[in-house]
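Observations on the three-dimensional arrangement
In case you want the letters, here they are:
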Amino acid sequence: QKEVEQNSGPLSVPEGAIASLNCTYSDRGSQSFFWYRQYSGKSPELIMSIYSNGDKEDGRFTAQLNKASQYVSLLIRDSQPSDSATYLCAVNGRAGGYNKLIFGAGTRLAVHP
Amino acid sequence: DAGVIQSPRHEVTEMGQEVTLRCKPISGHDYLFWYRQTMMRGLELLIYFNNNVPIDDSGMPEDRFSAKMPNASFSTLKIQPSEPRDSAVYFCASSISGFPTDTQYFGPGTRLTVL
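Here goes a summary of the coordinates provided. Just so it is clear, the model here is predicted, and its values are computed rather than measured.

Here's the deal with the overall build of chain B
On a plain count of helices and strands, chain B comes out with 0 helices and 11 strands. From first element to last, N terminus to C terminus, chain B shows the α and β order β-β-β-β-β-β-β-β-β-β-β. In terms of overall size, chain B behaves like a compact globule, its C-alpha atoms giving a radius of gyration of 13 Å where 115 residues would be expected to give roughly 13 Å. The buried share of chain B, reckoned over its 115 residues, is 47%. By element, 50% of the accessible surface of chain B is carried by carbon and sulfur atoms, the whole surface being about 5700 Å². For chain B, the distance from the average position of its 10 positive side-chain charges to the average position of its 13 negative side-chain charges is 4 Å.

Topic: the state of the cysteines
The tally for this structure, following the rule as stated, stands at 2 disulfides over all chains. Across the disulfide from Cys23(A) sits Cys89(A); the S-S distance is 2.1 Å. Because the torsion about its S-S bond is -70°, the bridge between Cys23(A) and Cys89(A) counts as left-handed. On the criterion of sequence distance, the pair formed by Cys23(A) in strand β3 (residues 19-25) and Cys89(A) in strand β9 (residues 85-93) is long-range, its members being 66 residues apart. A residue is classified by how much of its surface remains accessible, and Cys89(A), at 0% relative accessible area, is buried. There is a disulfide in this structure between Cys23(B) and Cys92(B), and the S-S distance comes to 1.9 Å.

Rules used in this analysis
Residues numbered from 1 in each chain as written. Chains lettered and ligands numbered in written order. Predicted model: local features only at pLDDT ≥ 70, side-chain atom pairs only at ≥ 80, totals over all residues. Heavy atoms only, no water. Helix = DSSP H or I, 4+ residues; strand = E, 2+ residues; numbered from the N terminus. Rg over C-alpha atoms; globule rule 2.2 N^0.38 Å. Buried < 20%, exposed > 50% of the residue type's maximum accessible area, 1.4 Å probe, protein only. Areas by Shrake-Rupley, 256 points an atom, 1.4 Å probe, with all protein chains shown as cover. Lys, Arg positive; Asp, Glu negative; His and termini not counted. Charge placed at Lys NZ, Arg CZ, Asp CG, Glu CD. Disulfide = S-S within 2.5 Å.

Structure, rendered in structure tokens:
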């Protein structure tokens with residue numbers, strides 16, 4: 001089992017819809033969870049971080065964390081074509097005393113007009 | 001303010017050659033990370049430094065890889081000898097603190113192709 005798992009996609013949604021991206025992780029000791037966005041040919045950039053169970057909202061983005069189910073998700077409301085990118089879920093992993101980020105393989109999102 | 005700077009942006013070399021990738025972290029950031037990204041393995045942490053000292057190099061794939069940070073504003077990742085399977089995008093990232101609650105800022109990456 002991979003430490004961080006994501007559906008590779010592509011996830012295709014129409015403009016204006018809600019995009020829902022999901023991630024599961026294997027280590028119950030993980031405490032920090034991140035969503036990075038990576039445009040094709042570019043570097044990852046942090047868009048959301050979450051550390052407590054529940055929802056965290058920032059503009060059109062909402063991160064949701066459920067530690068009991070080892071599940072973290074990212075919702076993008078009013079999706080725009082400019083949101084088309086690969087979204088990487090990252091979790092602090094056991095190796096290195098939880099001071100290292102473990103990345104999922106990413107979910108490719110395509111928002112079509 | 002300048003972000004993380006990496007050079008070169010693209011490197012094409014032949015198998016067996018030495019490759020040196022360079023990184024300048026954001027000023028004031030005490031932590032520097034080297035990652036490798038491939039289609040097959042995704043984004044993997046190779047090594048990270050705190051205050052110029054290597055803290056964890058368990059992700060370095062083999063002895064052909066080495067990394068140094070001689071001062072707070074410069075780090076290198078060296079591959080000697082290079083092999084075709086080393087072809088990947090190598091990212092450098094920096095953060096103010098190492099604990100993952102702090103944001104890691106990524107550089108533009110170096111796309112390495114080993115023929």
